[in-house]
Amino acid sequence: MRSRIFLYLFIFAVLFILFQFMNAKKAQESYDGKIANLETKIEEKEQALTAAATEKDSLIDKILDLTYFSLESDEEAINYFEEQGYNAAELALTISDQIIAQNKAGKDNPIVPYVGMEGKMAINKVRLLNHKWIIADFTDGVYWGQLFITYDVQKGGVIDFEVQKSFLYPKS
């Protein structure tokens, strides 16, 4: 009788060990699948980050190219104004404000050398290129164009503007 109990216990132990082995094998396969899936996601995210970093570098290069002709990035122009005792950033805002402030309701902007055909000519955007040059965009709502303006800051902060070139785009 004792030998049968040991035989049953042995068979039960073998079956239990076999069950545990099969269960562990299925769990291992499941974990391996999850790990492979997560590794794939990690690779995709790393590729996306690499692409984003490349795009960021590309955007930084574009920004640097776009700001090349700009008072904010022209150290020589900034030094020119500082030597005269002006803060370049504040002066740039003052110059832009003075040009745009000449847009009056019911009147053409006097800086624009064209008469508005569909409305009054007004300056929309001003960009200071350096300590002497400005480009500006103007429109009357239908017709539009661009100006190349030179300016000079006199003693006492008086600013003189002179339109050097202008262009009115044809209506398409």
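These figures come from a predicted structure and were not determined experimentally.

Visitor: Just to check I follow, could you spell out the pairing of strand S4 (residues 159–168) for this structure?
Guide: Two faces, one strand: in a regular strand the side chains alternate between the faces of the sheet. Bridge count for strand S3 (residues 144–153) against S4 is nine bridges, and the pairing is antiparallel. Paired with Thr-150 across the bridge in S4 is Glu-162. Adjacent in sequence and paired antiparallel, S3 and S4 are bridged by five residues, among which Gly-156 carries a positive phi angle near 85°.

Visitor: Sorry, what's going on with a nonpolar patch on the surface here?
Guide: Where nonpolar side chains cluster on the molecular surface, the patch consists of Leu-7, Tyr-8, Phe-10, Ile-11, Val-14, Leu-15, Leu-18, Phe-21 and Met-22 and spans about 940 Å² of accessible area. If you trace the backbone, Leu-18 turns up in helix H1 (residues 2–66). Overall, Leu-18 belongs to the partly exposed group, its relative accessible area being 47%.

Visitor: Please clarify how the side chain of Ser-70 should be interpreted in this entry.
Guide: With respect to the element layout, Ser-70 can be found in the loop between H1 and helix H2 (75–83). Residue Ser-70 is classed as buried on the basis of its relative accessible area of 3%. Ser-70 has contacts with Arg-127, Leu-128 and Leu-129, leaving out every residue within four places of it along the chain.

Visitor: Help me understand the sheet that holds S4 in this model?
Guide: Read from one edge to the other, the open sheet built from four strands follows the order S1-S2-S3-S4, with strand pairing classed as antiparallel. With one partner strand each, in any of the chains shown, strand S1 (122–128) and S4 form the two edges of the open sheet. The mean angle between the axes of side-by-side strands here comes to 25°, regardless of whether they run parallel or antiparallel. Packing of helix H3 (residues 88–101) onto the sheet brings it into contact with S1, strand S2 (133–139), S3 and S4, and relative to S1 it is tilted by some 160°.

Visitor: What's the story with the pattern of salt bridges in this structure? I'm lost.
Guide: It is possible for side chains of opposite charge to pair when their charged atoms get near one another. Per the counting criterion, the structure on display carries one salt bridge. A salt bridge links Asp-152 to Lys-132; the shortest N-O distance between them is 3.0 Å. Taken together, the residues Asp-152 in strand S3 and Lys-132 in the loop between S1 and S2 connect sequence positions 20 residues apart. For Asp-152, a relative accessible area of 28% corresponds to the partly exposed category.

Visitor: Would you mind going over the nonpolar core with me for this structure?
Guide: Generally speaking, soluble globular proteins have nonpolar side chains that are buried together. Ile-95, Ile-123, Leu-128, Ile-134, Leu-147 and Tyr-151 are the most contacted members of the largest nonpolar core, which has 24 residues in total. Counting residues per element, the ones that place at least two in this core are H2, H3, S1, S2 and S3. No other element matches the five residues that H3 contributes to this core.

Parameters and conventions
- Residues numbered from 1 in each chain as written.
- Predicted model: local features only at pLDDT ≥ 70, side-chain atom pairs only at ≥ 80, totals over all residues.
- Heavy atoms only, no water.
- Pairing = 2+ DSSP bridges.
- Helix = DSSP H or I, 4+ residues; strand = E, 2+ residues; numbered from the N terminus.
- Patch = residues over 30% accessible without salt bridge, like charges linked within 9 Å, V, L, I, M, F, W, Y side chains within 5 Å.
- Areas by Shrake-Rupley, 256 points an atom, 1.4 Å probe, with all protein chains shown as cover.
- Salt bridge = Lys/Arg side-chain N within 4 Å of Asp/Glu carboxyl O.
- Buried < 20%, exposed > 50% of the residue type's maximum accessible area, 1.4 Å probe, protein only.
- Contact = heavy atoms within 4.5 Å.
- Axes fitted to C-alpha atoms, helices over the stretch in contact; angles between N-to-C directions.
- Core = buried A, V, L, I, M, F, W, Y, C linked by side-chain atoms within 4.5 Å.

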